[in-house]
Amino acid sequence: MRLSQYLLPTLKENPAEAQIASHRLMLRAGLIRQEAAGIYAWLPLGLRVLRNVERVVREEMDRAGAVELLMPTLQLAELWRESGRYDAYGPEMLRIRDRHERELLYGPTNEEMVAEIFRACVHSWRNLPMTLYQVQWKFRDEQRPRFGVMRGREFLMKDAYSFDLDEAAARRSYQRMFVAYLRMFARMGLRAIPMRAETGPIGGDLSHEFIVLAQTGESAVYCDKALLQLPVPGEDVDYAGDLSPLIAQWIAPYAATGDVHDAARFEREVPDAQRVLARGIEVGQIFYYGTKYSLPMKAHVTGPDGAERPIHGGCYGVGVSRLLGAIIEASHDEHGIVWPEAVAPYRVGLVNLKVGDARTDAICAMLKDQLAQAGTEVLYDDTDERPGAKFARMDLIGLPWQLIVGPRGLETGTVELKHRASSERRELTAEAVLQALA
Ligand SMILES: Nc1ncnc2c1ncn2[C@@H]1O[C@H](COS(=O)(=O)NC(=O)[C@@H](N)CS)[C@@H](O)[C@H]1O
């Protein structure tokens, strides 16, 4: 992609309204633009990252056996009257009337709707276990949207819902999602810690939040340092097997957010040197809620004994748009964003220091084509701005690699390859660069 034909409205100054690094950097790097309080336009570079985060989430959900569908953002109010949550949900719910005066709402979550789809389509225990998921925009009319996409009003969520014959089976579905969450956040370069959590408006009696440690996080975090060193399950993890021993490793050490923290227990169980007191960002939350929705919504199946019974359910949410903020909070420096390779919008920023010079133009064209053939996405800075401005912008948008082509380097037949995260620079021949990036 040529920068001269791209939309990348970077900002020199820190916007006054941005209080945390990720909000500042997402605006300055031209990833998003606020259209209303808590409502953002996703500009080209930000959208590429959002799609990459979605890809990692989908891959791990699919690996764990979940099946993707897509539900509408608009829902009938009567669906929420069936579960009794319509009035209980409160002012966060955006209520809409259509031209026929029918009561609709912009979905903050989809437990009722997925139960309606399930009860219409599935009637036998032979179809279970089943976990359905979607990646869909949600609306919650937060009283104080803030920190950019971290607490928005319209935001992108992966929400999954499991359906099982009984509690034991439902807990196994819960364990599969727990492991899938450990994997997906690790692949995004994050260390997300599972913590027991309150269940709130979603309900149920078992829930874990997945928290990424960050100074600016909204949640207070107390945990055993052991949790920061546990190995994340590999891609060969056996989802059909018993995940209990693996899960036990992750829930044995003390971990709690401020609202459920037991100070006495923390002091008793965790040696001083192992105690972590930090702040964190909730990037995902999973719930087991049994028959909370299947009873009122009559989501039943016929069991092996021929009797009808309500399914046992759970739901599993990931803040897909929030993750861009969380990743930046966890991975930036004084020059800007440092994207992990798995989610970076482009892998290489190719900088031509003398656009219009036949030799630099030719080398850049060759490198861009060769890298594209090798499957490496390149953002080509073919603008005629000064080198200093080009370097600063490349550092700000945080692509993993910078490939700098200038007349002086070409005198000695070399180009410069810079690794953004380590700032390590190497003068290499074009061939060596292609090898290094293979
Ligand atoms: N206002 C918001 N802005 C951005 N992300 C949010 C917001 N509210 C929640 N999230 C993200 O969405 C995730 C799931 O939200 S939730 O309320 O915990 N869970 C649910 O809604 C369940 N229905 C999941 S299936 C949260 O862990 C958080 O990462």
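Nothing here was measured: the structure is a model prediction, and the numbers come from that model.

Some details on the site of the ligand
Around the ligand there are 24 residues in total, and Thr-109, Glu-111, Arg-140, Gly-152 and Glu-282 lie nearest to it. Within the contact set of the ligand, a nitrogen atom lies 2.8 Å away from a backbone nitrogen or oxygen of Gly-152. Contact distances for the ligand include 3.4 Å between an oxygen atom and a backbone N or O atom of Gly-319. Summarising the interface, the protein chains cover 96% of the accessible area of the ligand, which totals 600 Å² for the free molecule. Taken atom by atom, the bulk of the ligand overlaps the largest pocket.

Some details on the state of the cysteines
Scanning all chains against the criterion turns up zero disulfides. With no disulfide of its own, Cys-121 has Cys-315 as its nearest cysteine by sulfur position, at a separation of 19 Å. With a relative accessible area of 4%, Cys-315 lands in the buried category.

Brief notes about the packing of aromatic side chains
Here the structure, examined in full by the defined rule, presents 13 aromatic pairs. Between Phe-118 and Phe-163, the ring centres sit 4.2 Å apart and the planes meet at 5 degrees, which makes this aromatic pair stacked. Note that Phe-118 is positioned in helix α4 (residues 111–121) and Phe-163 in strand β8 (residues 154–164), a separation of 45 residues in sequence. On the basis of relative accessible area, Phe-163 is assigned to the buried category, the value being 4%. Against the face of Tyr-346 rests Arg-48, its NZ or CZ located 3.9 Å from the ring centre. The ring of Phe-147 carries the charged tip of Arg-146 above its face, separated from the ring centre by 4.5 Å.

With respect to the layout of surface pockets
Over the atoms, a rolled probe matching the size of one water molecule traces out where space is still vacant. Estimated volume of the largest pocket: approximately 950 Å³. Arg-140, Arg-151, Glu-282, Gln-285 and Arg-322 are, among the 40 residues lining the largest pocket, the residues nearest its centre. Sorting the residues of the lining of the largest pocket by element identifies β8, β11 (219–224), β13 (275–290), β16 (312–319) and α9 (320–330) as the ones contributing at least two each. In terms of residue class, the lining of the largest pocket is made up of 16 nonpolar, 12 polar and 12 charged.

Here we look at helix α10 (residues 358–373)
With 16 residues, α10 extends 23 Å from end C-alpha to end C-alpha; this agrees with the ideal 22 Å at 1.5 Å per step. Where α10 is concerned, the buried positions are Thr-360, Cys-364, Leu-367 and Leu-371. Down the axis of α10, the buried set is contained in an arc of 70 degrees. They therefore lie on one face. Those residues of α10 that are exposed and aimed more than 90 degrees away from the buried face are Ala-358 and Gln-373. Its buried side turned inward, α10 meets β19 (348–352), β20 (378–381), β21 (401–405), α12 (407–411), β22 (415–419) and α13 (430–436). Near the N-terminus of α10, the side chain that reaches the backbone nitrogen of Arg-359, with its oxygen 2.9 Å away, is that of Asp-357.

Quick word on the side chain of Gln-134
Assignment of secondary structure puts Gln-134 in strand β7 (residues 130–139). Side chain to side chain, Gln-134 and Asn-110 meet in a polar contact 3.5 Å long. Beyond its immediate stretch of four places on either side in the chain, Gln-134 contacts Leu-69, Leu-70, Met-71, Asn-110, Met-157, Lys-158 and Asp-159.

Looking at the sheet that holds β21
Within the open sheet, the five strands sit side by side as β20-β19-β21-β22-β23. Their pairing is mixed. Each edge of the sheet is formed by a strand with only one pairing partner; in this case those strands are β20 and β23 (425–428). Averaged over neighbouring strand pairs, the angle between their axes works out to 20 degrees when direction is ignored. The pairing of β19 with β21 spans five bridges and is parallel. Bridged to Val-351 within β21 is Ile-404. The strands touched by helix α11 (residues 387–397) within the sheet are β19, β20, β21 and β22, with β19 carrying the most contacts at an inclination of about 175 degrees.

Some words on the pattern of salt bridges
Under the defined criterion, the tally for this structure stands at 37 salt bridges. For Glu-59, the salt bridge goes to Arg-187, with nearest N and O atoms at 2.5 Å. Taken as a pair, Glu-59 in helix α2 (residues 44–63) and Arg-187 in helix α5 (residues 167–187) lie far apart in primary sequence, 128 residues in all. Looking at Glu-59, the relative accessible area reads 32%, which means it is partly exposed. We note a salt bridge from Asp-141 to Arg-153, for which the minimum N-O separation is 2.9 Å. On the criterion of sequence distance, the pair formed by Asp-141 in the loop between β7 and β8 and Arg-153 in the loop between β7 and β8 is long-range, its members being 12 residues apart. Judged by its relative accessible area of 27%, Asp-141 falls in the partly exposed class.

Procedures and definitions
- Residues numbered from 1 in each chain as written.
- Predicted model: local features only at pLDDT ≥ 70, side-chain atom pairs only at ≥ 80, totals over all residues.
- Heavy atoms only, no water.
- Near = heavy atom within 4 Å.
- Polar contact = N/O pair within 3.5 Å; in protein donor to acceptor, adjacent residues only side chain to side chain.
- Areas by Shrake-Rupley, 256 points an atom, 1.4 Å probe, with all protein chains shown as cover.
- 1 Å grid on protein atoms, 1.4 Å probe; cavity = no way out; pocket = protein on both sides within 12 Å on 5 of 7 lines; lining within 4 Å.
- Sits in = over half its atoms within 2 Å of the grid points.
- Disulfide = S-S within 2.5 Å.
- Buried < 20%, exposed > 50% of the residue type's maximum accessible area, 1.4 Å probe, protein only.
- Phe/Tyr/Trp six-rings, centres within 6.5 Å; stacked < 30°, edge-to-face > 60°.
- Helix = DSSP H or I, 4+ residues; strand = E, 2+ residues; numbered from the N terminus.
- Lys NZ or Arg CZ within 6 Å of the ring centre and 35° of its normal.
- Points joined across faces, edges and corners; volume = space filled by probe spheres on them.
- Nonpolar A, V, L, I, M, F, W, Y, C, P; charged D, E, K, R; others polar.
- Expected span 1.5 Å × (residues − 1).
- Arc of directions from axis to C-beta.
- Contact = heavy atoms within 4.5 Å.
- Pairing = 2+ DSSP bridges.
- Axes fitted to C-alpha atoms, helices over the stretch in contact; angles between N-to-C directions.
- Salt bridge = Lys/Arg side-chain N within 4 Å of Asp/Glu carboxyl O.

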